[in-house]
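Descriptive analysis of the structure
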Amino acid sequence: LGILSVGSALKKYGFKVELININEQAIEMAVDNIIFKNPLYVGFSVMTGRQTKHSAEMSKKLKERADIKIMWGGIHPSLLPEQCLGEHYIDFVIVGEGEATAVEFSQKLKAGERLNDILGLGYKENGLLKINPPRPMIKNLDDWPLDFSLIDLKKFIFRLDKYERVIAYKASRGCPFNCAFCYNRIFNKSRWRAWSIDRVAADIEFLKKNYQIDAVKFYDDNFFVDKKRALEILRRIDLPTHLEVRIDMIDEPIAQALKARKAFDLLIGIESGSDRLLKLINKNFTVERLIAGVKILAKYDVPASYSGIVGLPTETKEEFEATIDLLYKIYK
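Report on the accompanying structure. (Residues numbered from 1 in each chain as written. Predicted model: local features only at pLDDT ≥ 70, side-chain atom pairs only at ≥ 80, totals over all residues. Heavy atoms only, no water.)

1. Details of unusual backbone geometry
To keep things clear, this is the line we draw: The helix count covers DSSP runs of H or I at least four residues long, the strand count covers runs of E at least two residues long, and both are numbered beginning at the N terminus. A 1.4 Å probe rolled over the protein chains alone gives each residue an accessible area, and that area as a share of the maximum for its type sets the label: buried under 20%, exposed over 50%, partly exposed in between.
The backbone phi angle of Asn38 is positive, close to 50°, even though this residue is not glycine. Secondary-structure assignment places Asn38 in the loop between helix 2 (27–37) and strand 1 (42–45). Note on Asn38: relative accessible area 57%, which makes it exposed. Phi angles above zero are rare outside glycine, and Asp161 is one such case at about 60°. Structurally, Asp161 can be placed in the loop between strand 6 (158–160) and strand 7 (163–169).

Here it is as structure tokens:
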């Protein structure tokens, strides 16, 4: 979804774009194909973790074999731009959302113009690392629609639960909460923005009509920031869904609505069985409230997956065991 969004923006402004979505086994072949095509530059969307390692390996291979410019964008370089630019195999980074920055950067790089006034861009000049001022966040996400023609969508339909033709989708960006461990604090400035209900409904209708999808896995960081909007989307698309939601947003009316609207799995971060640690990481709910939400979902038979974090700074053995006990209690 990241490269599709940025690629759609570049295509909209007249650039020829090729999106490559591969695993580490396909790096060698992809490098050969890229070098043969001699692009203006290669952009990587990089999350922190194993993907960082594989993006680094592929970037190094490209640099070793050809004079190709390498751009990194996404969560990892947005959080650590200087660290990324410090590597010899990375020429540019985009900090924050990539659509407008990628378009302006591509236009100026192609024209041979200076890059010093492109907001949200990091680059190297005479051996020095330069990070330009941040770009304001996109006000109206509908201005940047996805162009599904850029990918072979058949490759991205997958099985999930009992559903055979599921597609991943994002209807919003960010989250207004302030969990201490979350990328949203930096990347989205703890703000939430959304595509319009009409835009989301049109995209899903297109996917239903042309690709016969039978469920949607929403990757929104918090689908229920605006409860009325969330339920209207579920009503309009009329498909089973996987959603991410906070446990303290669950009440009886929401649980009833989720059951009626065919939510087949919720992903809920419960994080810890210790009230002290929940406070430390700014979750803004207690174990008691958490259990109350779980009981409501159980009452209405709404399936959910619960994620926890162990090894938090200052966590004691007793707090670790309290988290394990909490998971057993939830399961029961």
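There is more to say after this.
2. Quick word on the packing of helix 2 against helix 3 (residues 50–65)
Put simply, the test is: Axis lines are fitted through C-alpha atoms, for helices just across the contact stretch, and the angle between N-to-C directions can take any value from 0 to 180 degrees. For this classification, under 35 degrees means roughly parallel, over 145 means roughly antiparallel, 65 to 115 means roughly perpendicular, and everything else is oblique. Note: crossing handedness is left-handed where the near helix turns anticlockwise from the far helix by less than a right angle, and right-handed where it turns clockwise. Should any heavy atoms of two residues lie within 4.5 Å, those residues are considered in contact. The residue classification treats Ala, Val, Leu, Ile, Met, Phe, Trp, Tyr, Cys and Pro as nonpolar and Asp, Glu, Lys and Arg as charged. All others, Gly included, are polar.
Contact pair helix 2 / helix 3: the axes reach a minimum separation of 10 Å and the direction vectors enclose 40°. Taken together, the axes of helix 2 and helix 3 are oblique relative to one another. Of the two elements, helix 2 crosses helix 3, and the hand of that crossing is right-handed. Contacts between helix 2 and helix 3 involve Ile27, Glu28, Ala30, Val31, Asp32, Ile34 and Ile35 on the former and, on the latter, His54, Glu57, Met58, Lys61, Leu62 and Arg65. Class assignment for the residues of the contact of helix 2 with helix 3 results in 7 nonpolar, 1 polar and 5 charged.

3. Comments concerning the side chain of Ser106
With respect to the helices, strands and loops of the structure, Ser106 is situated in helix 6 (residues 99–111). On the basis of relative accessible area, Ser106 is assigned to the buried category, the value being 1%.

4. A word on the side chain of Asn222
In plain terms, the rule: N or O atoms within 3.5 Å of each other form a polar contact, as long as, within protein, one can give a hydrogen and the other can take it, and as long as residues adjacent in sequence are counted only when both atoms are side-chain atoms.
Relative to the helices and strands, Asn222 resides in the loop between strand 10 (215–218) and helix 9 (227–237). Look at Asn222 and you get buried, because its relative accessible area is 1%. Within the structure, Asn222 has its side chain in polar contact with the backbone nitrogen of Phe224 (distance 3.2 Å). Among residues more than four places away in sequence, those in contact with Asn222 are Ser172, Gly174, Cys175, Phe177, Trp192, Glu244, Val245, Arg246 and Met249.

5. Looking at the sheet that holds strand 7
The criterion, for reference: At least two DSSP bridges between two strands are required for those strands to pair.
Ordered by their spatial adjacency, 6 strands build an open sheet running 6-7-10-11-12-13, and the pairing between neighbours is mixed. Among the strands making up the open sheet, the edge pair consists of strand 6 and strand 13 (304–308). Between one strand axis and the next, the sheet turns by 30° as a mean value, whatever way the strands run. Relative to strand 10, strand 7 runs parallel, the two sharing 4 bridges. Looking across to strand 10, one finds that Tyr169 is bridged to Phe218. Across the sheet, helix 9 touches strand 10 and strand 11 (241–244), and the angle it forms with strand 10 is around 155°.

6. Things to note about the sheet that holds strand 1
With mixed pairing, the 5 strands of this open sheet are ordered in space as 1-2-3-4-5. If you trace the sheet from one side to the other, it starts and ends with strand 1 and strand 5 (128–131), each paired once. Strand-to-strand, the axes of this sheet are offset by a mean angle of 20°, without reference to chain direction. In this sheet, strand 4 (residues 121–125) lies alongside strand 3 (residues 92–94) in antiparallel orientation, the contact comprising 2 bridges. Counted as the bridge partner of Val93 is Gly122 from strand 4. Contacting strand 1 and strand 2 (70–73), helix 3 runs over the sheet at an angle of about 165° to strand 2.

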